[in-house]
Amino acid sequence: MQARGPLMIEHRLIERMLLLITDAIKQIQSMGKVDPLFVDAAVDFIRMYADRTHHGKEEEIFFRELDKRALSAGDRRVMNELIEEHVFGRQTTKALVEANARYRNGDQAALADVADRLQTLVEFYPKHIEKEDKVFFPAVRVYFTDTEEQVMLAEFWEFDRKMIHEKYKLLVEELKKTK
């Protein structure tokens, strides 16, 4: 398997979550409400899976290794765009958390912000995924040997193995703050 394989598989799960988020947007539009717990779950998915786990592998392993290579100007430009898009996703998710907190605390006007941030994510991720799957990943394959790809894959698996521990360490730290 090439290093891009697990990343592309992860994209499919992100796309499935986007369908659920789209359903939540429809609920907001038709019923004028959303389950704040669903939004919390969506945020958790985006932060821990799409961003920390998926983008983490890209930024901390895949892009790190690419950065050591003599990339073409076009490939380097696209890699930098992808990193900027990851930051945009984080900023949008942070704004969603803030809007959801306001909504949960009774601010009905915040529902529009929740819907807007969810819509932004639903529109953003498919374009970002397509850029990676169809443009960037195929283009940068030439920079790695099969052996280098296998080394990255092993690092991906180790990265994933640690994620469950990181997630629950963060949970305990957050719960401790609320006491």
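Preceding this paragraph is the structure being described.
A quick note: this is a predicted structure, and the numbers were derived from the prediction, not measured.

Right, let's get into the side chain of Glu 10. Of note, Glu 10 is situated in helix H1 (residues 4–31). The class of Glu 10 is buried, set by a relative accessible area of 6%. Look past the residues within four positions of Glu 10 in its chain and what remains in contact with it is Tyr 49, His 54, Lys 57 and Asp 160.

The computed volume of the largest pocket comes to approximately 650 Å³. Mapped by element, the contributors of at least two residues to the lining of the largest pocket are helix H2 (36–67), helix H3 (73–104) and helix H5 (146–177). With 12 residues, H2 is the single largest residue contributor to the lining of the largest pocket. Residue composition of the lining of the largest pocket, grouped by class: 8 nonpolar, 6 polar and 12 charged.

Below, the discussion takes up the pattern of salt bridges. Under the counting rule described, the total for this entry stands at 27 salt bridges. Its salt-bridge partner being Glu 15, residue Arg 12 comes within 2.7 Å of it at the nearest N-O pair. Taken together, the positions of Arg 12 and Glu 15, both in helix H1 and 3 residues apart, correspond to about one turn of that helix. For Lys 57, the salt bridge identified is with Asp 160, shortest N-O distance 2.5 Å. Here Asp 160 lies in helix H5 and Lys 57 lies in helix H2, a separation of 103 residues in the sequence. A residue is classified by how much of its surface remains accessible, and Asp 160, at 25% relative accessible area, is partly exposed. Each of Arg 64, Glu 65, Lys 68, Arg 69, Glu 148 and Glu 155 takes part in salt bridges that share partners, so that together they form one network.

Rules and cut-offs
- Residues numbered from 1 in each chain as written.
- Predicted model: local features only at pLDDT ≥ 70, side-chain atom pairs only at ≥ 80, totals over all residues.
- Heavy atoms only, no water.
- Helix = DSSP H or I, 4+ residues; strand = E, 2+ residues; numbered from the N terminus.
- Buried < 20%, exposed > 50% of the residue type's maximum accessible area, 1.4 Å probe, protein only.
- Contact = heavy atoms within 4.5 Å.
- 1 Å grid on protein atoms, 1.4 Å probe; cavity = no way out; pocket = protein on both sides within 12 Å on 5 of 7 lines; lining within 4 Å.
- Points joined across faces, edges and corners; volume = space filled by probe spheres on them.
- Nonpolar A, V, L, I, M, F, W, Y, C, P; charged D, E, K, R; others polar.
- Salt bridge = Lys/Arg side-chain N within 4 Å of Asp/Glu carboxyl O.

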